[in-house]
Each structure stands twice: as structure tokens, then as C-alpha cells.
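Structural features, examined
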Amino acid sequence: MTQTTEAAAVDQSPPRPRRPRIHRAWFVAAVAFVTIIGAAAFRSVPGLLIDPLHQEFGWSRGTISAAVSINLALYGLTAPFAAALMDRFGIRRVVAVALTMIALGSGLTVWMTAAWQLLLCWGLLVGLGTGSMALAFAATVTNRWFTERRGLVTGILTAASASGQLIFLPVLALMVDAGNWRPAAVTVALAALAVVPFVWLLLRDHPADVNLKPYGAKEFVPKPAPVPGAARRALKVLFSAARTGPFWLLAGTFAICGASTNGLIQTHFVPAAHDHGMPVPAAASLLAVIGVFDVVGTIASGWLTDRFEPRRLLAVYYALRGISLLFLPMLLYPTVHPPMIFFIVFYGLDWVATVPPTVALCREQYGDDSAIVFGWVLASHQVGAALVAFLGGVARDVFGTYDMVWYASGALCAAAALMALVIRRRTVAPAPATV
């Protein structure tokens, strides 16, 4: 009788809700991945259009590179304000507006007839749009939706930019090589617009919106109230972080990262290879291959960041990148050969492998403000990229070669490796800045 009564009591207890096999956070990360791919499409175009715009309009490479420079600078400078805007208005609204700006800017370029229009469309509109879709977006999604596997997720979302390059670059190169660059710009505009419905319908701002805990969290985390004064908060966080040494070391190393990737290789590799007789589609395909191995390298870097000291990882990444750049001038030929393929694979693995450890260091140093701090660190990344994108074009106009730019960037990477080792470790994150 006792056993029967106990069994009945057990049977009458309410059933426990079944836990979903896949946490909603992974679906949000997937939507963010696709979104960043859409934003990355336009960032694949600049290196392809330098020669066609020079030939059609007679603009100097320095002038065209100036538009690329504005684009890259705004990509970084917009990021911290975008992170604060996401705290105020939500991720969905900010990202949807950003994608629309990218589509508008790229679409309007097909009617431009003057250099100032290139600066406005390619530089201002697309720069602001991609800046709002920058890696601060990835950091915000990771911080809100994940407690565990943050390094891995950061690596995956960072790799999305390379995946966009991989998908679009060969196709866009064939369009440009066919004799008209305008279909490439229209393709980018349509790609950005196509992502907007996915963002609006599938992306959610916080796990609490769907009554879930962040992935790996032991307790439910309520959704924070909207934070007013987005610009004021972004500047407040900047002034607070700027009083600390690690901020300047992180900003300096990431500026060199941008100078040696987006500013140098992404902008000038295709025209530099074309200077040596390599066809544009072949050079663009090599750049796309960098995107393939960038995905592998960045995800692997995220995995390593969860397990090893991020400062040492950064030092190794920058040192290897600098060495590879010193050899690049000797590898440029009219045809693709094994040493060049080795460089492409090696450089691709190291392309943005620096992002997961940099995000981890921002989180360690600055706690709840880490997404905004990383936005400012990313701004330095893009300022470095903008300077080299512009100076690389000027150097090509003046010296007729890119060799000096390769060597200078290699030396800067060596300096970045030393700077990464100087960053002090902090075990307790500071309280967030108040508004």
C-alpha cells in the first residue's frame, strides 16, 4: 500500500518541461552570421573597383582610395555608438536600418559622375551602415546570449565577414572583369536588402524576450531597461577606458591589425597583383581563398581563446603576420604558383584571428562596458585601415609600386606583437560606467 501511494504521488507530480535540444542562442547567432555576411558583401568591392574607376573617370588612385579610407574610418568610428544604440533601441532596429543604408549607398553609386559622389555614397553612407554592422554587433550578441562558448561564438561571427568575401568576391570580380562595374554594385545592394527580413523576423534582442536563460547560464537574466543617451554613454565609456593603459595597448595593436588586413591586403592586393600581370579574376580568387582559411583560423582562434592566454595568442598572431608580409613582394607574379598559395593559406589563417582574444581582453578589463569599449578599439582598427588604404594608393601613384607599404606593414606587426605582451592581466572587471 505504501509503495502504491508513493507511486501515485509521483505520477500526479507535474511533468517537467522538455528542454529544447538546440538553445535559441545558436539560432540568434546563425541569423547574426547571415546578417554580417550581407554587410560584408560591399566590403569585398573596393579593391576590385580601383582600376575600373580610374579608367572610366580618370580619378587618381589616391582619390579613389580616399573614399575607401572614409568608408573604413566610419566603419570603426560608428561601432561604439552603434553598440550604445543597440542598448537603447534594440539590435533588430539598428541592424535593419544599417543594412538599408548599405543598400542605398551601393545602389546610388551606379549614377555617380563626380568624385564627391563617390565619397558620399561609397564613403559616408556605406561606411555608416557597415559601421553599425561592425564587430561590436557580434560582441553585443555574444555578451547577451552566451555565458559559455563566448570565444567560439565570437570566432564564428567574426568569420562571417570572411564568408561574405568568399561568397561574393569571385562573382563580383567576374562582373567587373566583363567590362562594367555597375552590376557588381547593384548585386551588393540587393544582397544587403535581402537580409533585412531575416533580421526583423528572426533576430531577438535578449534571451528574456523569449523567456530563456543565456546559453550556459545557471540563472535567468532579466532584460535590462533601455539605456538612454546612447552617444553620451559611448563617450562616457571612452573617457573612462582611455584613463587605463590596456585600452591604448589594445587600440594600438588593433589599429595595426586593421592596417595590415582591411587597409592593405583587402584594398590593394588585387591591384598590386594586377600590376605584376596577374588577371583580376585570378587575384580576386586568391583573396577569396584568404576568406576560406580566415573562417577556419578565426573559429580556431575562438576555440584557443577559451583555453589559452589571449595576450600570448595575440603576440604570436601579429609576429607571424609580420613575417609573411615581408615575403609578399617576392611572391607576386603573373601566374599563381605554390609559394603564393602558401602565403594565401598562411595569411588567411591569421587574417582576423586577432578578434576573439581582443574581445576576451576587453571583456576581462571592462566588464559590462566591454562591447562599447571594443567598439572604440574597433574604431582604432578601422582608422589604421583607413590610413593604409589611403597611403597605399598614394604610394602606388608616387613610387609605381606597393613594395614599401608591404615592408612597413610587416614592421608594424612586429611592434604589435610586443605591445600585446605588455598588456597586464586583470582578474576582476571594473563596474560599468554610469551615465
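Below is a short write-up of the structure.

Cut-offs used in this document
- Residues numbered from 1 in each chain as written.
- Predicted model: local features only at pLDDT ≥ 70, side-chain atom pairs only at ≥ 80, totals over all residues.
- Heavy atoms only, no water.
- Helix = DSSP H or I, 4+ residues; strand = E, 2+ residues; numbered from the N terminus.
- Buried < 20%, exposed > 50% of the residue type's maximum accessible area, 1.4 Å probe, protein only.
- Contact = heavy atoms within 4.5 Å.
- Areas by Shrake-Rupley, 256 points an atom, 1.4 Å probe, with all protein chains shown as cover.
- Salt bridge = Lys/Arg side-chain N within 4 Å of Asp/Glu carboxyl O.
- Disulfide = S-S within 2.5 Å.
- Axes fitted to C-alpha atoms, helices over the stretch in contact; angles between N-to-C directions.
- Parallel < 35°, antiparallel > 145°, perpendicular 65-115°, else oblique.
- Nonpolar A, V, L, I, M, F, W, Y, C, P; charged D, E, K, R; others polar.

1. Looking at the overall build of the protein
The secondary structure content of the protein amounts to 19 helices and zero strands. Counting every position in the protein, which comprises 435 residues, the buried fraction comes to 55%. Taking all contacts inside the protein whose residues are at least 6 apart in sequence as the whole, residues at least 24 apart take part in 84%. Accessible surface for the protein amounts to roughly 18500 Å². Of this, 68% is attributable to carbon and sulfur atoms.

2. Focus on the pattern of salt bridges
Across all of its chains, the model carries five salt bridges by this definition. A salt bridge links Arg311 to Glu309, with the nearest nitrogen and oxygen atoms 2.0 Å apart. On the basis of relative accessibility, which here comes to 6%, the residue Arg311 falls in the buried class. Here the salt bridges do not stand alone but share partners, grouping Glu309, Arg311 and Glu364 into one network.

3. With respect to the state of the cysteines
Enumeration over the complete set of coordinates arrives at zero disulfides. Not part of a disulfide, Cys257 finds its nearest cysteine sulfur in Cys413, a span of 8.1 Å.

4. Looking at the side chain of Arg144
Along the polypeptide, Arg144 turns up in helix α8 (residues 135-145). For Arg144, the residues in contact, after removing those within four places along its chain, are Met86, Asp87, Ile91, Asp205, His206, Pro207 and Pro214.

5. Considerations on the packing of helix α4 (residues 61-77) against helix α18 (residues 370-399)
One way to put it is that α4 packs onto α18 with a least axis distance of 7 Å and a crossing angle of 175°. Taken together, α4 and α18 sit at an angle that is classed as roughly antiparallel. A breakdown of the residues in the contact of α4 with α18 according to their chemical character gives 14 nonpolar, seven polar and three charged.

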